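Topology and contacts: notes
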Amino acid sequence: MNATVEARELNATHRCDACGAQAYVRVVLESTGGELLFCAHHARVNEDKLRPLASEWQDETQHIGA
């Protein structure tokens, strides 16, 4: 993961694109450079499909409950 993504820490204002809960995972798509935000649950549900398409996978689930 590069420093650009790491510098853009996810916070409470970032919401899951699937359900609106707080996002803990940011996926940057290789083909478009677009990004998707997911809560931990929806990141796990979609990980197998999205990992091959991702240029970056920023996982901050370690902050849950912190």
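Right above here is the structure, for reference.
Here we summarise the structure given alongside this text. Per chain, the residues get numbers from 1 upward, laid out in the order the sequence is written. Residue-level local features of this predicted model are given only where pLDDT is at least 70; pairs of side-chain atoms are given and counted only at 80 or more, and the full residue set underlies all totals for whole chains, interfaces and linings. The basis for every side-chain value is the complete set of heavy atoms in the structure, and neither hydrogens nor water enter the calculation.

Describing the overall build of the protein
We apply this condition: Secondary structure follows DSSP: runs of H or I at least 4 residues long count as helices, runs of E at least 2 residues long count as strands, and numbering of each begins at the N terminus. Between buried and exposed lies partly exposed: a residue is buried under 20% and exposed over 50% of the maximum accessible area for its type, with that area taken using a 1.4 Å probe on protein chains only. It only takes one pair of heavy atoms within 4.5 Å for two residues to be counted as in contact.
Across its full length, the protein carries 2 helices and 3 strands. Traced from its N-terminal end to its C-terminal end, the protein shows the element sequence α-β-β-α-β. Looking at the protein residue by residue over its 66 residues, the buried ones come to 36%. Partitioning the contacts of the protein with sequence separation of at least 6, the portion at a separation of at least 24 is 42%.

A few points about the pattern of salt bridges
The following threshold applies: Any Lys or Arg side-chain nitrogen located within 4 Å of an Asp or Glu carboxyl oxygen qualifies as a salt bridge.
According to the stated counting rule, one finds 3 salt bridges in the structure shown. With a closest N to O distance of 3.2 Å, arginine 8 and glutamate 35 form a salt bridge. Taken together, the residues arginine 8 in the loop between helix H1 (3–7) and strand S1 (25–29) and glutamate 35 in strand S2 (residues 35–38) connect sequence positions 27 residues apart. Take glutamate 35: its relative accessible area is 33%, and that puts it in the partly exposed class. With a closest N to O distance of 3.0 Å, arginine 26 and glutamate 35 form a salt bridge.

Points about the nonpolar core
One recurring pattern in soluble globular proteins: nonpolar side chains tend to sit buried together. To keep it simple, the criterion reads: As used in this record, nonpolar core signifies buried Ala, Val, Leu, Ile, Met, Phe, Trp, Tyr and Cys residues forming a set joined through side-chain atoms within 4.5 Å.
One finds Cys16, Val25, Val27, Leu29, Phe38, Cys39, Ala43, Leu50, Ala54 and Trp57 forming the largest nonpolar core, which totals 10 residues. Leaving out residues up to four positions away in the same chain, phenylalanine 38 has contacts with Cys16, Ala18, Ala23, Tyr24, Val25, Val27, Ala43, Asn46 and Leu50.

Let's talk about the sheet that holds S1
Which entries qualify depends on this criterion: When DSSP finds two or more bridges between two strands, those strands count as paired. In this analysis an axis means a line fitted to C-alpha atoms, helices contributing only their contacting stretch, and an angle means the value between N-to-C directions, from 0 to 180 degrees.
The strand order S2-S1-S3 describes an open sheet built from 3 strands, whose pairing is antiparallel. Whereas interior strands pair on both sides, the edge strands pair on one side only; in this sheet they are S2 and strand S3 (54–59). For this sheet, the mean angle separating the axes of adjacent strands, direction not counted, is 15°. Here S1 pairs with S3 via 5 bridges, running antiparallel. Directly across from arginine 26, in S3, lies its bridge partner glutamine 58. Of the strands in this sheet, S1, S2 and S3 touch helix H2 (residues 40–50), which is tilted by about 135° from S2.

By themselves these figures say nothing about function.
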